[in-house]
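Working through the structure, step by step
Each chain, letter by letter, is given below.
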Amino acid sequence: MHFPMKKFFSYYKPYKKLFVMVLTCGLIVSATALVFPLLVRYITKDVLNGDLSTVLREVYGVGALMLGLVVIQNMGNYFVDYYGHQVGARMESDMRSELFAHMQKLSFSFFDKEKTGRLMSRITNDLLLLSELYHHGPEDYIKYLVRFTGAFVILYFINAPLTIAVFCFLPFLGVFALYFNKMLNKALRRNKERIGDVNAQVEDSLSGIRVVKSFANEHVEIAKFNRENNRFLDSRKKTYKAEAYFYNGAEAFLQLITITVIIFGSASIVGNTLDLADLITFLLYIGFMIEPIQKLTHMSTQFQEGITGFQRFMEIMNLKPDIENKPNAMTPQKVNGEIEFKQVSFRYEDHLENVLSNLSFRVQPGEYVALVGPSGAGKTTLCSLIPRFYDAIAGEVLLDGINVRDIDLQSLRNNIGVVQQDVYLFSGTAMENIRYGNPAASDDEVIAAAKHANAHDFIMGLPMGYHSEIGQRGVKLSGGQKQRLSIARVFLKNPPILILDEATSALDNESESIVKESLESLAKGRTTIVIAHRLSTIRNAQRIIVLTEDGIVEQGTHNALLARDGAYAYLYSKQFELQV
Ligand code: ADP
Ligand code: MG
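Residues numbered from 1 in each chain as written. Chains lettered and ligands numbered in written order. Predicted model: local features only at pLDDT ≥ 70, side-chain atom pairs only at ≥ 80, totals over all residues.

**Some details on the domain arrangement of the protein**
Examined at the domain level, the protein breaks down into domain 1 (1-158 + 304-321), domain 2 (160-273) and domain 3 (339-578). A straight line from the C-alpha centre of domain 1 to that of domain 2 covers 20 Å. Opposite the 15 residues of domain 1 that make contact, domain 2 presents 18 residues. The set of elements that each furnish at least two residues to the side of domain 1 that touches domain 2 consists of helix H5 (116-158) and helix H10 (276-317). Ranked by residues supplied to the side of domain 1 that touches domain 2, first place goes to H5 with ten residues. Tallied by class, the residues present in the side of domain 1 that touches domain 2 amount to four nonpolar, six polar and five charged. (Domains from an automatic or database assignment. Contact = placed C-beta atoms within 7 Å. Helix = DSSP H or I, 4+ residues; strand = E, 2+ residues; numbered from the N terminus. Nonpolar A, V, L, I, M, F, W, Y, C, P; charged D, E, K, R; others polar.)

Shown next, in the form of structure tokens:
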């Protein structure tokens, strides 16, 4: 994959000044560190060869200088630690917001494919690792670069041949590191996918915890979880193996370097080309290299993790929503609510067969139309083409004679209310959930909507009235109550077009009759398409459209269709008569 350098660095932009300051501090800290072995060398030489009467005074002077350097170093390190991390965290937070906002805009087809838990892991873990790279990367790079080149230059002036011998090891170390980097990169990518799977499993099992318990299938979920957890463990084992190879390989290089210095250094002392103070200086500077070399594994892990995190971030950021506004999308002033399908065909992504083929029909403004047909015939699919949850692959869906693709997406969806069988409520209060239909609505408007939806009385019966928390996904409410809240939400939205997709199917008879009442009052004056099983809902429809695998096979009123004795009459005898 081509690495998007420009994009990668663009996230530094808002924090450029602060980050340059952090790097400068890092530079100062490293430079002061380089001075220490030199001071030690100075004192050692003095002690070894100097005039003893002056040595003591100089030792105190050097000691004071060292103290000063320590103060500078620690202040610099404080700045690097505190502000460096802050820069990383702020960049991470920016990217997280951007990623979340982008995900919100992606289409249904994307969420049909992706597991929520995996997406969560991209938003949390991946970016956390990336922020580490964002600040530590340059900091460490500068720190170690200064140390290495500084040590090289100083040592070169002390004893060139020995220095060159020491630094000859480095290219080998480089090749060695490059080789293991590749291996690590692969291993770390796999880790990320696996932890994403663990997240997905947790999300799935916990969201469905009520089903799990009702089937007493805790052990099944535990087994599924453990499988994912073990896969993650296996993947990490492989990573650690690669890391252990790398770490100890690097360590071996370091030991080789130290042995070389001791042997050649001692030989040089005998040969009088080096003195003891120089040898000590060499060993001290090599001690300097221990940290960078040991950190090489850590740094390359960090680098790889950050880069894979960024690649995974970009994978999502590069996805375009399937369904987007056209540049010249129009916003209708007033929507009458006429809906027309013209030879519409549709199939889900990656599916071979069309769910809908060549469908044509028209619904007049304000008309109440029932859509019936066997399960799986495509009723829900058909309705999801109107608010453009998906786009038709052929033909046109028109609203007031305008192709829905030419209408501004937000305004299109603002004009359509959908009530489904499974209600989704957010955690929060009853008031907040109803207001979701129109965030600008006043408390009075919310209450009026609740009254229209027959929800006011039960809400007032809750411990805190409208300010009662309804639990995650509304678990503290009954099915009928949840449905009435969702209807109140649509009342508040007040759209001219209404889609009721088996809104009462999941309810018992008593809640159904209350919810039905709310729905009927909601449907007044709006173009309504109702998908229903129950005769009571269908019988009042001005027109019934019968949709089967063969498309629209019949249209007409209840009595007219019964008289025809066709598909509707058949469905009716199979499905509805028991419910009358
Ligand atoms: P109905 O509402 O009439 O019961 P649907 O419109 O829900 O039928 O489904 C029609 C067909 O499309 C079914 O075969 C179903 O399996 C398939 N289908 C529904 N939703 C999706 C989806 N998101 N992705 C792929 N196939 C789907
Ligand atoms: Mg359906």
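Now that the structure is up, let's keep going.
**Remarks on the sheet that holds strand S8 (residues 527-531)**
Taking strand neighbours across the sheet as the criterion, the six strands line up as S6-S7-S8-S3-S9-S10 in an open arrangement whose pairing is mixed. A strand with exactly one partner marks an edge of an open sheet, and here the two such strands are strand S6 (416-420) and strand S10 (551-556). Averaged over neighbouring strand pairs, the angle between their axes works out to 15° when direction is ignored. Where strand S3 (residues 368-372) lies against strand S9 (residues 543-548), four bridges are found, and the strand directions are parallel. Following the sheet pairing, Ala370 is matched in S9 by Ile544. (Pairing = 2+ DSSP bridges. Axes fitted to C-alpha atoms, helices over the stretch in contact; angles between N-to-C directions.)

**Some remarks on the pairing of S9**
As defined by bridge partners, S9 adjoins S10 across five bridges and the pair is classed as antiparallel. Considered in S10, the bridge of Leu547 is made with Ile552. Counting the residues in the hairpin turn of S9 and S10 gives two residues.

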